[in-house]
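Single-letter residue listing:
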Amino acid sequence: MSESNLAFFDSHAHLDFPDFEKDLEALVERAEAAGIQRMITIGTDLESSAQSLALADRFDSVFAVVGWHPCTALEAPEDIRAELRQMATHKKVVAIGETGLDYHHLPSEDPEKSAADDGRYRAAQARIFEQQLEVAAEAGLNVVVHQRDAYVDTIKQWRPFAKRGVRAVFHCFVGSVAEMEEVVGMGGLVSYTGIVTFKNAESVRETLTATPIDRFMLETDCPYLAPVPFRGKRCEPSYVREIATRVAEVKQVDLESLSNATNTTARAFFHGLS
Ligand SMILES: [Zn+2]
């Protein structure tokens, strides 16, 4: 098989975002032509999750993850479990998320807000993270985790569910080798974005070097984080090729081995991904 025919997956894309509204059809065609055989579009709230389902219905190569992102936790209804349970019955839903904890920007950055507002924000994030872990456990699905500046709390909240067999992928992983080893040791995975191609991302490449070949996936997180040479532009799933090329160099494996390993890992993690 020639290298250009090798199949790769984009395990984390936001195809429902308005950035893609005008040329989605062409974007999916470009991705498929570049060998991006599967794209997993990730919901960020109930509306976005419903749109992700519609995209999975529309394109054979697109699968969906349904959930609510921690950064908009304060806008979430008190309980999102019933809606998620319902959506999780769709045959192309392959995981729950993206969910997790993000303390990077707290309400108290605004001088009119207080520590009490920060507490309410964190509590809302923890509440909907817990609900999504519960739905995942009930449905026999795994979770797509977003964490930023909240690693310890995220691990702590996931741990009892990890013991029940709910696996987590820590997406857009930029953590240390020790953190990667902890996630992997708990049955989880990490996934790497275009950040691995950035000049200043030496520490991410170090963690990637230490990550076992069968414990990570590739993702774009598009429309964000376009790899070099597209850095700063809108990202799209076809750019998994650039990410894969750099990852193969760092891991010192050929592209065929990387394709086989990452696709097998993704199929084992995302239940129902054909
Ligand atoms: Zn995302």
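This text goes with the structure placed above it.
Conventions and cut-offs
Positions within a chain are numbered from 1, following the residues in the order the chain's sequence is written. Confidence filtering applies because this is a predicted model: local features only for residues at pLDDT of at least 70, side-chain atom pairs given and counted only at 80 or more, and all residues used for totals across whole chains, interfaces and linings. Calculation of side-chain values draws on the structure's entire complement of heavy atoms; hydrogens and water are dropped beforehand. The pairing criterion for strands is at least two bridges between them, as found by DSSP. Strands are runs of DSSP state E lasting at least 2 residues, helices are runs of H or I lasting at least 4, and numbering of each runs from the N terminus. The definition of a right-handed crossover adopted here requires that, viewed with the strands pointing away, the path from the first strand over the helix to the second runs clockwise. By definition here, a salt bridge exists when the distance from a side-chain nitrogen of Lys or Arg to a carboxyl oxygen of Asp or Glu is within 4 Å. Note on exposure labels: buried denotes an accessible area under 20% of the residue type's maximum, exposed denotes more than 50%, and partly exposed covers the range between, all computed with a 1.4 Å probe on protein chains only. Any N, O or S atom lying within 2.8 Å of the metal counts as a donor, and for Na, K and Ca the limit rises to 3.2 Å; water is left out, so some sites can look incomplete. To estimate the expected span of a helix, subtract one from its residue number and multiply by 1.5 Å. Bend is computed residue by residue as the angle between axes fitted to the seven residues ending at the residue and the seven residues starting at it. For helices, the fitted line uses only the C-alpha atoms of the stretch in contact; every axis is such a line through C-alpha atoms, and the angle between N-to-C directions lies from 0 to 180 degrees. Contacts between residues were defined by any pair of non-hydrogen atoms, one from each residue, lying within 4.5 Å.

Draft legend 1. Representation of the pairing of strand β5 (residues 143–148) in the model. Relative to β5, strand β4 (residues 93–102) runs parallel, the two being bridged by five bridges. In the sheet register, D102 faces β5, and the bridge partner there is R148. Viewed along the sheet, the connection from β5 through helix α5 (residues 151–163) into strand β6 (residues 168–170) turns out right-handed.

Draft legend 2. Focus on the pattern of salt bridges. Throughout the structure, instances matching the rule amount to 14 salt bridges. The salt bridge involving R127 is made with E78; its shortest N-O contact spans 3.7 Å. Note that R127 is positioned in helix α4 (residues 115–139) and E78 in the loop between β3 (62–66) and α3 (81–87), a separation of 49 residues in sequence. The exposure class assigned to E78 is exposed, which follows from its relative accessible area of 59%. The shortest N-O distance in the salt bridge between R159 and E182 comes to 3.4 Å. Here R159, found in helix α5, pairs with E182, found in helix α6 (residues 177–185); they are 23 residues apart in sequence, far enough to count as distant. The partly exposed category is assigned to R159, whose relative accessible area is 33%.

Draft legend 3. Structural view of the environment of V166. In this fold, V166 is placed in the loop between α5 and β6. The exposure class of V166 is buried, given its relative accessible area of 3%. Distance in space between the C-alpha atoms of V166 and G188 is 8.7 Å, their sequence separation being 22 residues.

Draft legend 4. Structural context of the coordination of the zinc ion. Taken together, the protein donors to the zinc ion comprise H12 (NE2), H14 (NE2) and E98 (OE), at separations of 2.0 to 2.1 Å. Ordering the donors of the zinc ion by residue number gives the pattern H-x1-H-x83-E. Like H12, the residue H14 is buried in the burial classification.

Draft legend 5. Main features of α5. Taking 1.5 Å per residue as the helical rise, α5 with its 13 residues ought to reach 18 Å, and the 18 Å between its terminal C-alpha atoms agrees with that figure. Bending of α5 peaks at approximately 30° at the position of Q157, with proline P160 no more than four residues after it. Among the residues of α5, Y151, T154, I155, Q157, W158, F161 and A162 are the ones counted as buried. A positive backbone phi angle near 95° is found at G165, which sits one or two residues after α5.

Draft legend 6. Local environment of the sheet that holds β6. Taken in spatial order, the eight strands line up as β1-β2-β3-β4-β5-β6-β7-β8 in an open sheet, and their pairing is parallel. What marks the edges here is a single partner per strand, and that holds for β1 (8–13) and β8 (216–218). Pairwise comparison of adjacent strand axes, ignoring direction, gives a mean angle of 30° for this sheet. In this structure, strand β2 (residues 36–42) lies alongside β3, joined through four bridges in parallel fashion. Opposite I40, over in β3, you have F63 as the bridge partner. Here helix α2 (residues 46–58) sits on the sheet in contact with β2, β3 and β4, set at roughly 160° to β3.

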